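# Secondary and tertiary structure notes
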Amino acid sequence: MIICSCNFITDHHVRGCLVPGDGCPRTPADVYRALGHRPQCGRCAITIREIVTAHGASPCDDCALSALCNGAHADTMALTDALDDAIAAQAVPFSVAAE
């Protein structure tokens with residue numbers, strides 16, 4: 001199943017990078033890095049977090065969203081808004097070349 005259409009990341013890609021040990025991705029950002037991608041729209045982060053959590057990894061204390069998430073996703077909209085804010089804070093401006 002496609003998890004991220006921006007980067008064409010599937011659930012198999014996400015599960016494939018979840019290896020036991022200290023190097024195991026614990027957050028969506030870790031998964032993006034492990035797969036050599038960066039978040040684009042960020043809408044896939046909730047699903048990636050669910051896969052990571054189901055695998056047994058838990059968010060680290062350094063995760064910017066851990067205070068909102070706590071693995072429960074009780075308020076999905078607040079989590080999505082916080083992710084949008086986190087991505088916007090790190091956004092790199094880009095320009096579209098004129099034809």
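Residues numbered from 1 in each chain as written. Predicted model: local features only at pLDDT ≥ 70, side-chain atom pairs only at ≥ 80, totals over all residues. Heavy atoms only, no water.

### Some details on the overall build of the protein
Assigned secondary structure in the protein consists of 5 helices and 2 strands. Going residue by residue from the N terminus, the α and β elements of the protein occur as β-β-α-α-α-α-α. Going through the 99 residues of the protein one by one, you find that 34% of them count as buried. Restricting to contacts in the protein with at least 6 residues of sequence separation, those with at least 24 account for 51%. Just so you have it, the protein exposes about 6400 Å², and 55% of that area is on carbon and sulfur atoms. (Helix = DSSP H or I, 4+ residues; strand = E, 2+ residues; numbered from the N terminus. Buried < 20%, exposed > 50% of the residue type's maximum accessible area, 1.4 Å probe, protein only. Contact = heavy atoms within 4.5 Å. Areas by Shrake-Rupley, 256 points an atom, 1.4 Å probe, with all protein chains shown as cover.)

### A few points about the confidence of the model for the protein
For the protein, mean pLDDT is 74; residues scoring 70 or higher make up 59% of the total. Within the protein, helix H4 (residues 66-69) has the poorest average pLDDT of any element, 51, and strand E2 (residues 9-10) the best, 92. A low-confidence stretch, residues 68-74 (pLDDT under 50), is modelled with 9 contacts involving residues beyond four sequence positions or located in other chains. (pLDDT = per-residue confidence, 0-100.)

### A look at unusual backbone geometry
Its identity as a non-glycine residue notwithstanding, Phe8 has a phi of 50°, on the positive side. Assignment of secondary structure puts Phe8 in the loop between strand E1 (2-4) and E2.

### A word on helix H3 (residues 45-55)
Along H3, the positions that sit buried rather than exposed are Ala45, Ile46, Ile48, Arg49, Ile51 and Val52. In the stretch just after H3, Gly56 is the one whose phi turns positive, near 110°.

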